[in-house]
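Structure assessment
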Protein chains: 2
Amino acid sequence: MSCTRELFQRHHLRCTKQRMAIYEALRDSHSHPTAEALFNMVKPNTDRLSLATVYNTLDALCEAGLVRKLPTTNGCCRFDADTSHHLHVRCLESGEIMDVPEELGSQLVDRLPAEVLAQIEKAMNVKIDRVQVQIMARTDTTR
Amino acid sequence: MSCTRELFQRHHLRCTKQRMAIYEALRDSHSHPTAEALFNMVKPNTDRLSLATVYNTLDALCEAGLVRKLPTTNGCCRFDADTSHHLHVRCLESGEIMDVPEELGSQLVDRLPAEVLAQIEKAMNVKIDRVQVQIMARTDTTR
DNA sequence: GTACGTGCAAAATGTTTGCATCATT
DNA sequence: AATGATGCAAACATTTTGCACGTAC
């Protein structure tokens, strides 16, 4: 669908076929891919594409707020085109990142008390951008 | 202090001077240093030390559960010798990681409802190891 | 037409590995 | 004495950069 074009224009991003393909692949993916995984997903359907462009594009999209870089512990970045507040489960074995279903996640996030966040801002002299909750877990082998 | 030796022995870790120096520097640091920062902190007081040893040691300490690797978004790992439950503020500008004062952090973490966590375990078929709350923030320039 | 995006290859950065030597147990 | 840790340098993986060319506006 072509509302990507309008979305890009609203954010003053040039609508190149590479950028659109990268963004749409990330948006439609549920796997929070790495830059390289994304490159491999998009490359077959795009006649000219280099990995450097994937990095440049992801950078531009982050800058524009359309994409988020997710924190990882293995030195290799993962990306998410869903910038709404939602929780992640990080598999300690594989490094894979999965979304927690909206209705469960919001039950956790909604109970974070705003006044405590305000106190943290005051105590640490920062402006909170957002709170990211990550659940570290292993695949359950007991069931 | 030398309880590091006993701590290591309890975890079946060899007590080399490099390992002890690295661990103690990390434990006494409040800056959640990168491997290289740690190397620079420890090197001057240790006659033989290489960066590879810092990586190997941090790996062994993580394995033993004495140290934790923190998630970051810039592909460069940071470490923490405080493995108790506590919150981090990540500076979006510098990548720096700061601890949230214990009494404030526990006000957030203690309100995470256990039954929701149990539901997440069931729904996603995982065993939760721990919940990590990261606050993304900027240095407050309005004050 | 101009400004910006792209591909490619090279460089920079962060981390891991192989191997001979050395230290701890 | 045996096992495992160390230093060093080389390999590796991920990300960034410089530059000539191409494309969107």
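Note that the coordinates shown come from a computational prediction; the quantities given were computed from them, not determined experimentally. (Residues numbered from 1 in each chain as written. Chains lettered and ligands numbered in written order. Predicted model: local features only at pLDDT ≥ 70, side-chain atom pairs only at ≥ 80, totals over all residues. Heavy atoms only, no water.)

1. Notes on the domain arrangement of chain A
All names here are of chain A. With domains assigned, chain A is organised as domain 1 (2–80) and domain 2 (88–137). Between the C-alpha centres of domain 1 and domain 2 the distance comes to 24 Å. Of the residues lining the interface, 9 residues belong to domain 1; the matching set on domain 2 comes to 9 residues. Across the interface of domain 1 and domain 2, roughly 780 Å² is buried in total on both sides, 47% from carbon and sulfur atoms. Together, His32, Arg68 and Pro71 form the three largest contributors to the area buried by domain 1 at its contact with domain 2, with a combined 48%. Here domain 1 is connected to domain 2 by 0 salt bridges. Taken together, domain 1 and domain 2 are joined by 3 residue pairs in polar contact (both at pLDDT 80 or more). If you list the elements that add at least two residues to the side of domain 1 that touches domain 2, you get β1 (68–70) and β2 (78–80). Across the side of domain 1 that touches domain 2, the residue classes tally to 2 nonpolar, 4 polar and 3 charged. (Domains from an automatic or database assignment. Contact = heavy atoms within 4.5 Å. Buried area = accessible area lost by both parts, 1.4 Å probe. Salt bridge = Lys/Arg side-chain N within 4 Å of Asp/Glu carboxyl O. Polar contact = N/O pair within 3.5 Å; in protein donor to acceptor, adjacent residues only side chain to side chain. Helix = DSSP H or I, 4+ residues; strand = E, 2+ residues; numbered from the N terminus. Nonpolar A, V, L, I, M, F, W, Y, C, P; charged D, E, K, R; others polar.)

2. A short note on the environment of B:Asn40
All names here are of chain B. Mapping Asn40 onto the fold places it in helix α3 (residues 35–42). When its relative accessible area of 48% is taken as the criterion, Asn40 is described as partly exposed. In this structure the C-alpha to C-alpha distance between Asn40 and Arg68, which are 28 residues apart in sequence, comes to 19 Å. (Buried < 20%, exposed > 50% of the residue type's maximum accessible area, 1.4 Å probe, protein only.)

3. Focus: the protein's contact with DNA strand C
Close to DNA strand C lie 19 residues, the nearest being A:Thr16, A:Arg48, A:Leu49, A:Thr53 and B:Tyr55. In DNA strand C, the atoms that sit within 4 Å of the protein are 80% sugar and phosphate, with bases accounting for the remainder. A:Arg14 places a polar side-chain atom, nitrogen or oxygen, 3.4 Å from a base nitrogen of DNA strand C. Within the side chain of A:Gln18, a nitrogen or oxygen atom sits 3.1 Å from a sugar or linking oxygen of DNA strand C. Taken together, the elements giving at least two residues each to the surface near DNA strand C come down to α2 (17–28) and α4 (51–64) of chain A together with α4 (51–64) of chain B. (Near = heavy atom within 4 Å.)

4. Description of the sheet that holds strand β5 (residues 126–139) of chain B
A sheet is described by the order of its strands in space; here 6 strands give the open sequence β4(A)-β3(A)-β5(A)-β5(B)-β3(B)-β4(B), paired in mixed fashion. In the strand order of this sheet, the two ends are held by β4 (97–99) of chain A together with β4 (97–99) of chain B, each with one partner. Ignoring which end each strand starts from, the neighbouring axes of this sheet average 35° apart. Of the pairings in the sheet, the one linking strand β5 (residues 126–139) of chain A to β5(B) comprises 13 bridges and is antiparallel in character. Across the sheet, residue A:Gln132 finds its bridge partner in β5(B), namely B:Gln134. Taken strand by strand, helix α6 (residues 114–124) of chain A contacts β5 of chain A together with β3 (88–91), β4 and β5 of chain B, and its axis lies near 115° from that of β5(A). The sheet contacts of helix α6 (residues 114–124) of chain B involve β3 (88–91), β4 and β5 of chain A together with β5 of chain B, and relative to β5(B) the element is tilted by about 115°. (Pairing = 2+ DSSP bridges. Axes fitted to C-alpha atoms, helices over the stretch in contact; angles between N-to-C directions.)

5. Thoughts on the interface of chain B and chain A
With 46 residues of chain B in contact, the opposing surface of chain A contributes 46 residues. Summed over both sides, the interface between chain B and chain A buries roughly 4,100 Å², with carbon and sulfur atoms accounting for 66% of that surface. Counting the surface chain B buries against chain A, the share from its top three residues, B:Leu108, B:Met124 and B:Met136, is 14%. At the junction of chain B and chain A, the tally comes to 2 salt bridges.

6. Observations concerning the pattern of salt bridges
By the definition in use, this model includes 8 salt bridges over all chains. Taking the shortest distance from any N to any O, the salt bridge between A:Glu121 and A:Lys127 comes out at 3.6 Å. B:Asp129 is the salt-bridge partner of B:Arg130, the closest N and O atoms lying 2.9 Å from each other. With relative accessibility at 13%, the residue B:Arg130 sits in the buried group. In this structure B:Asp129 comes out as partly exposed when scored by relative accessible area, which is 38%. Connected through shared salt-bridge partners, A:Asp129, A:Arg130 and B:Arg138 make up one network.

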